[in-house]
Each structure stands twice: as structure tokens, then as C-alpha cells.
Amino acid sequence: MIHLLDIQWHDLINPQFYIEYGGLWLLLFVIFAETGLFAGFFLPGDSLLFVAGIYSHDLASQVVTSSNEFIDLVLLWVIISIAGVLGNFIGYWFGKKSGPFLYQRKDTFFFKKKYLISATEFYQQYGGWAIVAARFVPIIRTFAPIVAGVVKMDKKKFIYFNIIGCAAWVITMLFAGHFLYKWVLGNFNIDLKEHLEMIVILIVAISTIPIIYKFFFSKDKPNSENIL
């Protein structure tokens, strides 16, 4: 059992914490929340999926016991993708219902208007494919489906890009974690489970490059008054 009073803030961005203390079901909730709830923007989606690939057998065995690594990975891919797709649907529905009101909302701990504006610009630049690309960009993936709902993106179109984006994101991170772990262990006899902190830092650094680039090198500054 997790004692809530013992949880530290750094635990919430540590993917191993979710896997060790909550297993597959907490992992599914995190993926759902990061892609569908405002409060999920800080959750470790990329690194969590990567580490889930390393622990794929342990996680998959919570549903079906199998001695085949491919079956384990495919099972996780399907289940996690469903959670991500449903999360995006919640974000889309919320955006469609709330509309422009969100752009007038004041900042809170769980809601930052600048993230919504960045997601809007991202959507305006890439159109429907923004739903796919956003899956690979932290923070943006939380707000992209909300923006799609705000601009009333066609529902069938959203479903199409939502499924493709989520399936591609999950399989990329999950399989990368699993097979990189096996390759490093087999060729260098290094157990990545003993170096997860460094791996997480590296993944976070790589995944946030687009955000850092936009912040420092983008010529156009966000202007909420010109949106909608």
C-alpha cells in the first residue's frame, strides 16, 4: 500500500515509482490523465512508457501470464493505447464543451494558459497531424486534444488521428525501452534497471528539446488575444 503522506514531489515524476507501487493499473491511469486532464501535464509519459518496456513481462503478467516477450509487448501496447485514446477523448470533449472560456481562465497550479496557447499554435501549424505529433511532445500532448475540441475539429477526423498518434507513441516508447534494455544487457552486460535515473533524465532532456527550442528561438511570442 502507498502511504500518501510518504509521497514526495519527486516521486510524481519518477516512472519507477508508479511501476513499483501501482503496477500496470496505476500506469494506465497516468497515461490516461496525462493525455486527458489538465493536472496530468507534469506526469512522466515518455519515460514511464520507456521504463514499462523494461518491465514489460512483470506488467503484462498482471493481466495474462506469458513466456513470450512479443505477446507481453503487444498486450501492453493495446491496453496502454486504449487508455491514451480514452484520455484524449476526454480532453477533446472538455475542449468542445468549454470553448473559448479556457483562454480567459486564470492560471492555477493545475492549469497554465501559456501551455494551452502553445498547443493552439502547434495545432495551427500542423493541423490534424498535430494530434499525432503532439503525442511525442510533453505538455503539448495534454493540451492538443483540448484545442482540437475548442476549434471543433471533425469528430471522425479526430478519432482517426487520435488512434494513430497514440498507437505510434506507445509502441515507439514501449519497444524502445524493451529492446534497448536487452541489447545493452546482452552486449555490455549492463543492467539498465540499475541506471534508471540517468535514463529518465536523458529521455526528459530529449523530449523537451522542441519546447526549449520554441521558447528560446521562436520569433513570434504567444498572444492569447489573437486566438479564437
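For the structure given in this document, a descriptive report is provided here. Going along each chain's sequence as written, the residues are numbered from 1 onward. Thresholds applied to this predicted model are a pLDDT of at least 70 for local features of residues and 80 or more for the giving and counting of side-chain atom pairs; totals over whole chains, interfaces and linings are not thresholded and use all residues. As a convention, hydrogens and water are excluded, and side-chain values are obtained from all of the structure's heavy atoms.

### Some words on helix H8 (residues 140-150)
In step 1: Relative accessible area decides the class of each residue, using a 1.4 Å probe on protein chains only: under 20% of the type maximum gives buried, over 50% gives exposed, and in between gives partly exposed. Under the scheme used here, helices are H or I runs from DSSP no shorter than 4 residues and strands are E runs no shorter than 2 residues, and both carry numbers assigned from the N terminus. Counting buried positions along H8 yields eleven of eleven residues, so the element is predominantly enclosed.
In step 2: For H8, every residue scored as buried is listed here: Ile140, Arg141, Thr142, Phe143, Ala144, Pro145, Ile146, Val147, Ala148, Gly149 and Val150.
In step 3: Positioned one or two residues after H8, Lys152 has a phi angle of 55 degrees, which is positive.

### Quick notes on the nonpolar core
In step 1: Ile19, Leu27, Leu59, Ile80 and Leu174 are the most contacted members of the largest nonpolar core, which totals 38 residues.
In step 2: Those elements giving two or more residues to this core turn out to be helix H1 (15-36), helix H2 (45-54), helix H3 (56-60), helix H4 (69-98), helix H9 (155-188) and helix H10 (196-207).
In step 3: At nine residues, H1 tops the list of elements feeding residues into this core.
In step 4: Sequence-distant contacts of Leu174, defined by excluding residues within four places in its chain, comprise Leu49, Ala52, Gly53, Leu73, Leu76, Trp77 and Ile80. As used in this record, nonpolar core signifies buried Ala, Val, Leu, Ile, Met, Phe, Trp, Tyr and Cys residues forming a set joined through side-chain atoms within 4.5 Å. In what follows, residue pairs with any heavy atoms lying within 4.5 Å of each other are defined as contacts.

### Description of the packing of H4 against H8
Axis angle and axis distance: for two packed helices, these are the angle between their axes and the distance between the axes, and together they describe the pair.
In step 1: To get an axis, a line is fitted to the C-alpha atoms, and for a helix only the part in contact is used. The angle between two axes follows their N-to-C directions and goes from 0 to 180 degrees. Running from N to C, H4 and H8 cross one another at 45 degrees; their axes reach a closest spacing of 6 Å. By the angle between their directions, the pair H4 and H8 is classed as oblique. Read as a crossing pair, H4 and H8 show a hand that is right-handed. The residues of H8 that touch H4, namely those facing Asn88, Gly91, Tyr92, Gly95 and Lys96, are Arg141, Pro145, Ile146, Ala148, Gly149 and Val150.
In step 2: Gly falls in the polar group here, along with every residue not listed as nonpolar (Ala, Val, Leu, Ile, Met, Phe, Trp, Tyr, Cys, Pro) or charged (Asp, Glu, Lys, Arg). Class assignment for the residues of the contact of H4 with H8 results in five nonpolar, four polar and two charged. Angles are sorted into four bins: roughly parallel if under 35 degrees, roughly antiparallel if over 145, roughly perpendicular if 65 to 115, and oblique for all others. A crossing counts as left-handed when the near helix is turned anticlockwise from the far one by less than a right angle, and as right-handed when that turn is clockwise.

### Re the environment of Val74
In step 1: Within the element layout of this structure, Val74 appears in helix H4.
In step 2: By relative accessible area, Val74 is classed as partly exposed at 25%.
In step 3: C-alpha separation for the pair Val74 and Ile171, spaced 97 residues apart in sequence, amounts to 8.5 Å.

### Quick look at H2
In step 1: Most of H2 is tucked away: ten of the ten residues are buried.
In step 2: When H2 is considered as a whole, its buried residues turn out to be Gly45, Asp46, Ser47, Leu48, Leu49, Phe50, Val51, Ala52, Gly53 and Ile54.

### Brief notes about the side chain of His178
In step 1: Looking at the element boundaries, His178 is found in helix H9.
In step 2: Any pair of nitrogen or oxygen atoms within 3.5 Å is treated as a polar contact; in protein, a donor-acceptor pairing is required on top of that, and neighbouring residues in sequence qualify only through side-chain atoms on both sides. A distance of 3.2 Å separates a polar atom in the side chain of His178 from the backbone oxygen of Gly53.
In step 3: Filtering out sequence-adjacent residues up to four positions away, His178 remains in contact with Gly53, Ile54, Ser56, Glu69 and Leu73.

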